[in-house]
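Fold and contact review
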Amino acid sequence: MIDSQSKNELTTTFILGDQSPQPNGIKYWTTFLNQDTPTITGFERIAKKIKQTVIYINIQSKRRGYYDVTFQKLSDNPNELKDYDLTEAYFRELEKNITRQPELWLWTHRRWKHQRQNSSD
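The sections below set out a description of the structure shown in this document. (Residues numbered from 1 in each chain as written. Predicted model: local features only at pLDDT ≥ 70, side-chain atom pairs only at ≥ 80, totals over all residues. Heavy atoms only, no water.)

What follows is about the packing of aromatic side chains. Summed over all chains, the structure comprises five aromatic pairs. Ring geometry for F32 against F91: centres 5.2 Å apart, planes inclined by 75°, an arrangement best described as edge-to-face. Taken together, the positions of F32 in strand β1 (residues 28-32) and F91 in helix α2 (residues 85-100) put the pair 59 residues apart, joining distant regions of the chain. As far as burial versus exposure is concerned, F32 and F91 are alike and both buried. Pairing F43 with Y90 gives two aromatic rings, centres 5.2 Å apart and planes at 55°, and the pair type is tilted. Here Y90 lies in helix α2 and F43 lies in helix α1 (residues 42-50), a separation of 47 residues in the sequence. Note on Y90: relative accessible area 10%, which makes it buried. A cation over an aromatic ring shows up here: R63 above the ring of Y66, its NZ or CZ 3.8 Å from the ring centre. (Phe/Tyr/Trp six-rings, centres within 6.5 Å; stacked < 30°, edge-to-face > 60°. Helix = DSSP H or I, 4+ residues; strand = E, 2+ residues; numbered from the N terminus. Buried < 20%, exposed > 50% of the residue type's maximum accessible area, 1.4 Å probe, protein only. Lys NZ or Arg CZ within 6 Å of the ring centre and 35° of its normal.)

Structural data, given as structure tokens:
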């Protein structure tokens, strides 16, 4: 919640979104790297609640110990987007990032350990 003392201050909120949800926390599925994938949607809900611009941070390795970091705006006003549009935008950017440099993505966290229980999900 933003109080009256800090509402005019410039703030930044970082949310790490590349996580696999717990089975009871799956609210949305997408196609990610050609796989049916459950997603977390907390970052989208938080972005809409705090009404802040959403930026995707892309990190590319140039050589050992040297990285280029670029920032891509996903939305100035997440509340103007339909539900899950921001989640989709995030996953499309993540997919591009992984495709460019797959060696930077941690494959060990078992992204596809959950399967849909029925076709209505």
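Let us now look at the side chain of E93. Here E93 is to be found in helix α2. Of the polar contacts made by the side chain of E93, one reaches the side chain of Q72; its length is 3.4 Å. Not counting the four nearest positions on each side in its chain, E93 is found in contact with Y56, Q72 and L74. (Polar contact = N/O pair within 3.5 Å; in protein donor to acceptor, adjacent residues only side chain to side chain. Contact = heavy atoms within 4.5 Å.)

With that settled, consider the pattern of salt bridges. Following the criterion strictly, the structure yields eight salt bridges and no others. One salt bridge connects D83 with K48, and the closest N-O pair in it is separated by 3.1 Å. Remark: K48 occurs in helix α1 and D83 occurs in the loop between β4 (66-75) and α2; sequence separation between them is 35 residues. Salt-bridge contacts for E95 lead to R92; the nearest nitrogen and oxygen are separated by 3.2 Å. Pair noted here: E95 and R92 are both in helix α2, with a separation of three residues, about one helical turn. The class for R92 is partly exposed, based on a relative accessible area of 26%. Each of E44, K48 and D83 takes part in salt bridges that share partners, so that together they form one network. (Salt bridge = Lys/Arg side-chain N within 4 Å of Asp/Glu carboxyl O.)

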